[in-house]
Structures are given as C-alpha cells and as structure tokens.
Amino acid sequence: MRWVVGSAVFVMRLAAAVDRVRLLKAIGLMALGYLATPLVALGLREFTDAAVSGRAGTATLVITGVAVLLVMELMLGHFAHLSYFEVGELAETDLNERLIRTVNGSSGLERLDDSTFADGVNLVREELGKTRTAVESVLQLGGLVLQMSLTTVLLVTLDPRLALLPLAALPSVLLGQRAQGLVERAREATAESTRRTRHLLDLATSPASVKEIRLFHAEPPLMLEQDACWSRTSAALRSAHLRAAGVRALGQLAFALAYGGAITLVIWEAARGRAGAGDVVMVITLAVQVSVQVAGSATLLTALQGVGRTLDRLTSLQDPAPPPPAARADRSGRAAALVGASVPEALAEGIRLEGVGFAYPGTGRMILRDVDLTIPAGASMALVGENGAGKTTLVKLLCGLYRPTSGRILVDGADLAEIPPREWRARVAPLFQDFARFELLLRENVGVGDVARVEEEAAVTRAVGQARADGIVAAVPGGLSGLLGHGYGPGVELSGGQWQTLGLARCMMREDPLLLVLDEPAAALDAAAEHAIFDRYATLSGEAGHRRGAITLFVSHRFTTVRMADMIVVLDGGEVVENGDHRALVSHSGLYSELYHLQERIYR
Ligand SMILES: Nc1ncnc2c1ncn2[C@@H]1O[C@H](COP(=O)(O)OP(=O)(O)OP(=O)(O)O)[C@@H](O)[C@H]1O
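Residues numbered from 1 in each chain as written. Predicted model: local features only at pLDDT ≥ 70, side-chain atom pairs only at ≥ 80, totals over all residues. Heavy atoms only, no water.

Two packed helices can be described by the angle between their axes and the distance between those axes. In the contact formed by helix α2 (residues 56-104) and helix α4 (residues 134-158), the axes pass within 8 Å of each other and the chain directions differ by 130°. In this view, α2 runs oblique relative to α4, as classed from their interaxial angle. Contact residues: Tyr84, Val87, Gly88 and Ala91 in α2; Val135, Glu136, Leu139 and Gln140 in α4. Of the residues belonging to the contact of α2 with α4, the class tally is 5 nonpolar, 2 polar and 1 charged. (Axes fitted to C-alpha atoms, helices over the stretch in contact; angles between N-to-C directions. Helix = DSSP H or I, 4+ residues; strand = E, 2+ residues; numbered from the N terminus. Parallel < 35°, antiparallel > 145°, perpendicular 65-115°, else oblique. Contact = heavy atoms within 4.5 Å. Nonpolar A, V, L, I, M, F, W, Y, C, P; charged D, E, K, R; others polar.)

Right, let's talk about helix α7 (residues 191-205) for a bit. For an α-helix, 3.6 residues make a turn, and residues three or four places apart therefore share a direction. Relative to the 21 Å expected for 15 residues at 1.5 Å per residue, α7 spans 21 Å between its end C-alpha atoms, a close match to the ideal helical length. Within α7, burial applies to Ala191, Ser193, Thr194, Thr197 and Leu200. (Expected span 1.5 Å × (residues − 1). Buried < 20%, exposed > 50% of the residue type's maximum accessible area, 1.4 Å probe, protein only.)

Judged by nonpolar contacts, the single largest core of 44 residues is most densely connected at Leu442, Val446, Leu502, Tyr537, Ile568 and Tyr592. A per-element tally of this core places helix α16 (residues 496-508) first, with 6 residues. Shared between two domains, this core holds at least three residues of each, these being domain 2 (347-427 + 513-528 + 536-604) and domain 3 (435-511). Excluding its chain neighbours within four sequence positions, the residues that come into contact with tyrosine 592 are Val384, Phe559, Val562, Ile568, Val570, Glu578, His582, Leu585 and Val586. In this structure, Ala341, Val356, Leu383 and Leu553 belong to the second largest nonpolar core, which totals 40 residues. (Core = buried A, V, L, I, M, F, W, Y, C linked by side-chain atoms within 4.5 Å. Domains from an automatic or database assignment.)

Moving on, we come to the UniProt feature "transmembrane region" (unreviewed entry) in the chain. Feature annotation in UniProt assigns "transmembrane region" (unreviewed entry) to the following positions: residues 27-44, 56-80 and 247-268. Taken end to end, residues 56-80 is 100% helix and 0% strand, and its first and last C-alpha atoms sit 36 Å apart. End C-alpha to end C-alpha, residues 247-268 measures 32 Å, and it is 100% helix and 0% strand. (UniProt positions renumbered as here; feature names shortened; annotations may be inferred.)

With that out of the way, let us pick up the side chain of glutamine 293. Mapped onto the elements, glutamine 293 comes out in helix α10 (residues 277-317). Judged by relative accessible area, which is 1%, glutamine 293 ranks as buried. In contact with glutamine 293, not counting residues within four places along its chain, are Leu144, Gln147, Met148 and Thr151.

Let us look at the domain arrangement of the chain. Assigned domains within the chain: domain 1 (2-187 + 239-315), domain 2 (347-427 + 513-528 + 536-604) and domain 3 (435-511). Distance between the C-alpha centres of domain 1 and domain 2: 61 Å.

With that out of the way, let us pick up the sheet that holds strand β4 (residues 406-411). Reading across the sheet, the 4 strands line up as β2-β1-β4-β5 and stay open at both edges, with antiparallel pairing between neighbours. Bordering the open sheet on either side are β2 (366-376) and β5 (414-415), each of which pairs with just one other strand. Note: strand β1 (residues 350-359) against β2, 7 bridges, orientation antiparallel. Following the sheet pairing, arginine 352 is matched in β2 by threonine 374. Contacts from helix α11 (residues 391-398) reach β1, β2 and β4, with the element oriented near 120° to β1. (Pairing = 2+ DSSP bridges.)

With that out of the way, let us pick up unusual backbone geometry. Note: most residues except glycine have negative phi, and most peptide bonds are trans. A positive phi is found at aspartate 370, a non-glycine position, where the angle reads about 45°. For aspartate 370, the position within the fold is in strand β2. The backbone of aspartate 412 shows a phi angle near 50°, a positive value even though the residue is not glycine. Inspection of the secondary structure puts aspartate 412 in the loop between β4 and β5.

One pass over the structure, following the stated rule, counts 7 aromatic pairs. With a centroid separation of 5.3 Å and an interplanar angle of 90°, the aromatic rings of tyrosine 360 and tyrosine 402 are classed as edge-to-face. Of the two residues, tyrosine 360 is situated in the loop between β1 and β2 and tyrosine 402 in the loop between α11 and β4; the sequence distance between them amounts to 42 residues. By relative accessible area, tyrosine 360 is classed as buried at 18%. (Phe/Tyr/Trp six-rings, centres within 6.5 Å; stacked < 30°, edge-to-face > 60°.)

Glancing now at the site of the ligand. The local shell around the ligand holds 15 residues, among which Gly388, Gly390, Lys391, Thr392 and Thr393 are the closest. Note that an oxygen atom of the ligand is positioned 2.9 Å from one of the backbone N or O atoms of glycine 388. Measuring from an oxygen atom of the ligand, one finds a side-chain N or O atom of histidine 557 at 3.2 Å. Isolated, the ligand exposes 640 Å² of accessible area, and the fraction of that covered by the protein chains is 69%. (Near = heavy atom within 4 Å. Polar contact = N/O pair within 3.5 Å; in protein donor to acceptor, adjacent residues only side chain to side chain. Areas by Shrake-Rupley, 256 points an atom, 1.4 Å probe, with all protein chains shown as cover.)

As for its placement among the helices and strands, isoleucine 367 is situated in strand β2. Owing to a relative accessible area of 14%, isoleucine 367 belongs among the buried residues under this scheme. With sequence-adjacent residues up to four places away left out, isoleucine 367 is seen in contact with Phe358, Ala359, Tyr360, Ala389, Gly390, Thr393, Gly573 and Gly574.

So, on to the environment of proline 160. One can find proline 160 in the loop between α4 and α5 (164-167). Proline 160 sits 40 residues away from glycine 120 along the chain, and the two C-alpha atoms are 49 Å apart.

With respect to topology, 6 strands assemble into an open sheet ordered β6-β7-β8-β3-β9-β10, the strand pairing being mixed. Here the strands that pair on one side only, and so sit at the sheet edges, are β6 (428-431) and β10 (575-580). On average, each strand axis in the sheet is tilted by 15° relative to the strand beside it, whichever way the strands run. The pairing of strand β9 (residues 567-572) with β10 spans 5 bridges and is classified as antiparallel. Residue pairing in the sheet places isoleucine 568 in a bridge with glycine 580 of β10. The sheet strands contacting α11 are β3 (380-385), β7 (515-519), β8 (551-555) and β9, and the helix crosses β3 at an angle near 145°.

Let us now look at the confidence of the model for the chain. Residue-level pLDDT values for the chain average 84, and 91% of them are 70 or greater. Least confident of the elements in the chain is helix α17 (residues 527-548), whose mean pLDDT is 70; most confident is β1, at 95. With pLDDT under 50 throughout, residues 322-339 is counted as low confidence; its partners more than four residues away or in other chains account for 24 contacts. (pLDDT = per-residue confidence, 0-100.)

Given below as structure tokens:
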C-alpha cells in the first residue's frame, strides 16, 4: 500500500506542477462521469417500479434520465481523457529528464561501473513509459472510490448488510497486490540476465559489431547464448506469473461468493414481500457495478504499485549527497575539515600526484599504485606503457571522472577532490580513443564541446576551422545544419577519422582549457592524419600553455608522437617505472628504450 499511496501523491503533485488547470478540469469531468454510474442503478429501480405499477409517463421520464446519465458517463470520460492524456505526457517527460539527470548527474563515473546501478537504470528505463498513464490511473482510482462510496450508500438504504459487499472486495485487492509483489521480485531477480539478453541482442544487431560477427561466424553461439539467457529469464518470470495468477484467483473467488450472497439475500427479501422488483433490479445492477469497480480498482492499484516501485527505484538511483567536508579524511586517514577549492584562472605551478592509488569501484583490484608525479605548468606529458598498464585510468583520474582510492591530486596546490567537479571539467579539453559519435546536427556535434555556445555559429565555425574540419562541413549536405549518422534520421555517415576530427573540433570549443587530453586519438588514423591531429592539438596546447600554463597530456603507442612531449612517463602494471624526456629515456636501458627500439626495428 505504501507504494500506491506514495506514488498517487507523487503523481498528483507532479501533474499539478506541470499543468494545474488541465488537471483540475480532468478531475471535475471524471468525478461527474463516475458519479453518473451508480445513479443509473437508482434510475433503473425507479423505472422498474413505475413500469410494474403501470405508470407509463413516469417510466418514460425516468428511462430518459437514465439514458442521459449513460451519455454523460461516456462523454465526460472522453473529455477528461483529452485533458489528462496531455498532463500524463508532460509528467512522463519530466520523469525522463530526472532519469537523464540521475545517470549523468553523479560527480564521477563510479556509479556507472556498478552493475546494480546499471540494472536499476535498465528497469527504470523500461518502466518509465508506463508512468504516462499514471495520472490517468490515479484519477480513475479516485473516481472509483467516489463511485464505490455512492454505491455503498445506495446498498445500505436497501439493507445495511449489503454494506459488506464492497468490503468483500478487500481480499481481492490485497491478494492482487501480493501477486504483483511476486512478479516484481522475479523481475528484479532476473534483471541481470535480462540486461545480458538485451546486450547480446544489441551486439548481434548493431552495425558496430555486426561486421565482425559475420566475419567470425559468431551468430550461432551468440544466438545460443541469447536463447539460453532468455529461457532462464522467461522461466523465472513465467513461474512468478503463474503463482501470481493463483493468488489473484483466490481473491476473486472470495468476491464471487459475496456477490452471489448479496443477490440471494435481496431475492429472498423480495420473496417474503420486504423488497420490490425495482430493489432486485437495483441490487443486481449495483452488484455488477461493484464487481467492475473492484476489478478496476485492483488493476489500477497494481499499475500504481508498479509506478510506485519505479519511482522508488528512480529515487534510490539518485546520487547520495556527498559527505560533509568535516567527515572526509585526508590521505593519512585523519578526519579533516576541508574547505572547497576553486579552479585557478591559469596554472602557475602545475599538477602534482601524491601517492595516487586507484581501484575501480567494486573490483578491489589496484590498477594504479603509489603514483608520484609532478607535471609543471605549461608542460606536455606523454603516457607510455603496454596495454592495460593503467594509462587511460590515470587520464580519467586527472580529468576528475574518478577520485583516487588513495593519495591525492593537487592542482596548483589545491586538492582536486575539493574542487567542484563541474568547474574542473569545464577546463578540460578531452579527445578520447573511444570518442563519442553524437548523431546530431553537425553544429550540435561540435558545439556540445561548450554547451552554452552550441547555437553560436561563429564559435562553432571557428572550432571547425581550428580542427581543419571545414572539408567535412563542405561535404555534408546542409553544412553545419546537416544531420550526422542514421541514429534517428537519414543523416550522413562519416568515416572513423572524420568523426574523430569532429571530436577534435569539440575540444576546440573550449577556449581556456587548463588540461588538454589526447588519449590515443590516433588509433583510427593513418600516420599522416595522426601527425596532422597532433600538429593541430600542439598549436592549441602551445597557445593555452603559453597563456594559462595549461598542461597537455597524451597517450600514444607511436614513439614518433611520444618523443614530442616535454616529459614521458612510463607505466608498468599501474606503477611509474620511468620518467624523463625522450633522449634521457632512450639512453637509459629500461622499458621505454626496449619498447622504442622494438618499434624502430619493426618500422625500419
Ligand atoms: N570501468 C572499468 N572497470 C573495471 N576495470 C577497468 C575499467 N576500465 C579499465 N579497467 C581495467 O583497468 C586496467 C587498466 O586499463 P586502462 O584502460 O587504464 O589501460 P591502458 O594502459 O590505457 O590500456 P590500453 O593501452 O590498452 O588502452 C585494465 O586491466 C582494465 O581491465
């Protein structure tokens, strides 16, 4: 019941906030429409009595009134629908926005790595569409309560014992809720395998993976695994639905017995002359209405219960409030009252990493260990290491996407953990190896690099020019207003390198970055294109470094690129094993020199 009351209150508040006038109109129309139904039963009693006693005029008048009531019931419900449907759509849009904020609103990426969070998001995303009808369900439930109250009053006027009839509906309602609980629990228990089933389906059907699946003939095992996964999920859900149906049937049986009892009672009273033919007709009509009302209420309660759970899940997914500064601990573990820091306009000292260690949430495996580094303001730093050494992880920490598990990162002496993440990230210009392909208008794809200026054509054109993406704009029909990708329309598909160039243009939207990141952006590029990208980035970073002491960080496996950096940091198994410039590292016979000579031999 907690879900139902909670969700009804929540939904009504939300509906009032999105469109109060339409909601009030819908409530008024629904109330009138719903009250008309029991009055039909009353009218039928009067009509029967008038007809039986030969009062033709009265009978005609009453049956005309009944017809008017029936028309009212239908028409008012229809007009109410027009009002609440729109309110429901607005409420759903509001909830979708909340989900988007929940997924993107946490300070770091930690929660996105958590499979429980991912399962929760999945369930909410699936269920959120149903909340569109939540406003309708609450109003209908209110209408049914009103209707049942009037029905009960009419039944009591005949025989007080008949007041028990609506009460007999309670077991059916309560057992209906229990049944829904069974289904919900099964859905939660199978959330992970449902997610896996969807993932396998996405893999088998998305253009990104379908090429390799075909070439490797991977469809049969994928389909087998998807089938097995789906069978496990559906077996658990089927069993839950069966048990739920049994529980619901028990409740309906209880009501059917009461229904039969009520009609028998009135017929019995009529046989003994204590009730008229009209009373029998009225009770039969009202009892039918009660059964419809009860079935309707049970369905609506079930729907609202589901909505309540979805809303509860959505709330529980929201980022818990960060601990108050006084409760945080410094690197030695001592509680310290840390005050918030702000991002400097320009870097004077640079960035320092002190004993930084990191494990991805929920894994317990240290990916970085005791990283101590000083990156002077205005410097460029290359990260080198074998696959899985922890380079991207270190980049993500420096971008403020994760917080170190131990140690700290200082930006001009201020702890990065104390700097509001949004402020720091606004000063980071990143181009990742898995850059995003925003299938939007070309202008939006680039402008998203500085959302506040996404509509500023001059800013976007300047960024496009700096990234030397003018050729792409010229080739896309509609230029900056052209649609990219096939995600939701007939857009233009770009090559990997072209998408990447637009990613670079996005970076160029940031006019005053303090940290420029190029994480293996060259993976999809030929050597000339890689050189061009680094060249363009070097111009930007050179300017930013000169003006604001900005630091450029790049990750690459190509030593022709790496050697351009002022300092090169070699990571091995999450630890810094070497640090220096190219000349120093080559002359020192360590891992860098080994990897460098190996690559030199291969490309000679
Ligand atoms: N989101 C994540 N959750 C858990 N573990 C992760 C996550 N991302 C990366 N890892 C693990 O962290 C380790 C280091 O990964 P990282 O991407 O930092 O390496 P890298 O040096 O950049 O490798 P590459 O050169 O292949 O890009 C890997 O063992 C990887 O499995």
